Amino acid sequence: MTIQTRIVAEAEADTRLDRWFRRHFPQLTQGALQKMLRTGQIRVDGRRAEANTRLAAGQEVRIPPLPDGPPPERDQPPVSPEDAEMLQRLVLHRDESVIVLDKPHGLPVQGGPGITRHLDGMLDALRFGSQERPRLVHRLDRDTSGLLLLARTPASAAFLAKEFRGRGVEKTYWAIVTPPPQLEDGRIDIPLAKLDGPRGERMQAVEDPDEGARAVTDFRTLDAVRGRAAWLELKPLTGRTHQLRVHCAEGLGTPILGDGKYGGGAAHLDGLPGELHLHARALLLPHPDGGMLEAAAALPPHMKETFAYFGFEAPRTPKPRRLAPAARR
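Residues numbered from 1 in each chain as written. Predicted model: local features only at pLDDT ≥ 70, side-chain atom pairs only at ≥ 80, totals over all residues. Heavy atoms only, no water.

A. Quick peek at the sheet that holds strand 2 (residues 43-44). Taking strand neighbours across the sheet as the criterion, the 4 strands line up as 1-4-2-3 in an open arrangement whose pairing is antiparallel. Each end of this open sheet is capped by a strand with a single partner; those strands are strand 1 (4-7) and strand 3 (47-48). Here helix 1 (residues 17-24) sits on the sheet and contacts strand 1, strand 2 and strand 4 (60-63); the angle it forms with strand 4, its principal contact strand, is near 65°. (Pairing = 2+ DSSP bridges. Helix = DSSP H or I, 4+ residues; strand = E, 2+ residues; numbered from the N terminus. Contact = heavy atoms within 4.5 Å. Axes fitted to C-alpha atoms, helices over the stretch in contact; angles between N-to-C directions.)

Here is the structure:
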């Protein structure tokens, strides 16, 4: 094996370097990894790194020649026919380089404590005859529905990771918040810091930029029912964990409907579905093979119910399409 370089995918952002290695090279012992780190054989963006270094999407990891070893053991059992059929029904677009999925509310994207069934563990069902297993290039929260992008080749994964990191991807979310915000539109520019607690990770808005990572979200009110709720269009310009949820709850003072984690009891309205009302509506991004890819996902059932209750009228959902570069809006 020779020296190689790998690009950190969007879905691997904030992963510790040692855990990233264990995921990709399970034959490497912790002792061997520590020795390679001490001697500078492993580098991140050309610099020495520690085992606990947190990776960012798009970074380059230098990998020295590694010992041969057995293939990694499967973390998940084979995908059941029922799950395979379910995942294939979620595909909105597929070509030689990318797959666009419409992820349902409640399906975890990756594993974690107590999570044994998740999208990342079932991606073999989306090979569609390819020798390559699709790769996640970004993430959605378990309770967020909508568009999720997969890369079908290593080259596509590297290309897309850089686009997500470099803000080459335009992401549009829809959310219902309660009550309506005081401003109809604007920009939220509030740093976020990660807190660890007994109920899992949680993000918090901070005043001092040095205490957190910068997070920026543009918002616009599309419709509202005075004193009750508003339908917002959210465009995150950065990709922090739970960014939209915290920015709505703490930045605007109006939590996303169903978001008890950040809004508590104020995030629930009697007679309406209790699920999180946050939906990854649209993506516009450079395609690895040239031009642009535009995609949109229809509302999930619980948000359709709430839209009907408030009288919000969502536009039709267009089919995914490839655009020439000049066609980008």
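B. Looking closely at helix 5 (residues 243-251). Burial of helix 5 is extensive: 7 of the 9 residues sit out of reach of the surface. Along helix 5, the residues classified as buried are Gln-243, Leu-244, Arg-245, Val-246, His-247, Cys-248 and Ala-249. Positive backbone phi, approximately 75°, marks Gly-253, located one or two places after helix 5. (Buried < 20%, exposed > 50% of the residue type's maximum accessible area, 1.4 Å probe, protein only.)

C. Geometry of the packing of helix 1 against helix 2 (residues 30-38). It is the contact of helix 1 with helix 2, at a shortest axis distance of 11 Å, that shows an interaxial angle of 125°. Relative to helix 2, the element helix 1 lies oblique. Judged by the twist between their axes, the crossing of helix 1 over helix 2 is right-handed. Contacts from Leu-17, Asp-18, Phe-21 and Arg-22 in helix 1 reach Gln-30, Leu-33 and Leu-37 in helix 2. Among the residues making up the contact of helix 1 with helix 2, the classes are represented as 4 nonpolar, 1 polar and 2 charged. (Parallel < 35°, antiparallel > 145°, perpendicular 65-115°, else oblique. Left-handed = near helix turned anticlockwise from the far one by under 90°. Nonpolar A, V, L, I, M, F, W, Y, C, P; charged D, E, K, R; others polar.)

D. Expanded view of helix 3 (residues 81-89). Considered for burial, the residues of helix 3 that qualify are Asp-83, Ala-84, Met-86 and Leu-87. Each buried residue of helix 3 sits inside an arc of 160° when the element is viewed along its axis, so together they form one side. Counted as exposed and oriented over 90 degrees from the buried face of helix 3: Pro-81, Glu-82 and Arg-89. Structurally, helix 3 contributes buried residues whose contacts are with strand 5 (91-94) and strand 6 (98-103). (Arc of directions from axis to C-beta.)

E. Region of the structure containing the confidence of the model for the chain. Here the chain averages 90 in pLDDT, and 94% of its residues register 70 or above. Taken as a whole, residues 70-75 scores under 50 in pLDDT and shows 3 contacts with residues more than four places along the chain or in a different chain. (pLDDT = per-residue confidence, 0-100.)

F. The packing of aromatic side chains, seen in detail. Scanning all chains against the criterion turns up 10 aromatic pairs. Each ring, one from Tyr-309 and one from Phe-310, has its centre 5.1 Å from the other, and the planes form 85°; the classification is edge-to-face. Residue Phe-310 is classed as buried on the basis of its relative accessible area, which comes to 11%. Through pairs of rings, three or more aromatic residues link up here, namely Trp-174, Trp-231, Phe-307, Tyr-309, Phe-310 and Phe-312. If you follow Arg-94 out to its NZ or CZ, it ends over the ring of Phe-128, 3.9 Å from the centre. (Phe/Tyr/Trp six-rings, centres within 6.5 Å; stacked < 30°, edge-to-face > 60°. Lys NZ or Arg CZ within 6 Å of the ring centre and 35° of its normal.)

G. Spatial organisation of unusual backbone geometry. Cis peptide bonds are those with omega within 30 degrees of zero, and the linkage from Thr-178 to Pro-179 qualifies with -5°. Along the chain, the position of Pro-179 falls in the loop between strand 9 (170-177) and strand 10 (185-189). Residue Asp-45 is not a glycine yet carries a positive backbone phi of 55°. Note on Asp-45: relative accessible area 37%, which makes it partly exposed.

H. Examining the nonpolar core more closely. The biggest cluster of nonpolar side chains holds 32 residues, and the ones touching the most others in it are Leu-87, Leu-101, Leu-119, Leu-136, Leu-234 and Leu-278. Secondary-structure elements contributing two or more residues to this core are helix 3, strand 6, strand 8 (145-151), strand 9, strand 14 (229-236), helix 5 and strand 15 (278-286). Apart from residues no more than four positions distant in its own chain, Leu-119 is found in contact with Leu-87, Leu-101, Leu-107, Pro-108, Val-109, Leu-136 and Leu-148. Within the second largest apolar cluster, 17 residues are counted, among which are Phe-21, Leu-37, Val-44 and Leu-55. (Core = buried A, V, L, I, M, F, W, Y, C linked by side-chain atoms within 4.5 Å.)

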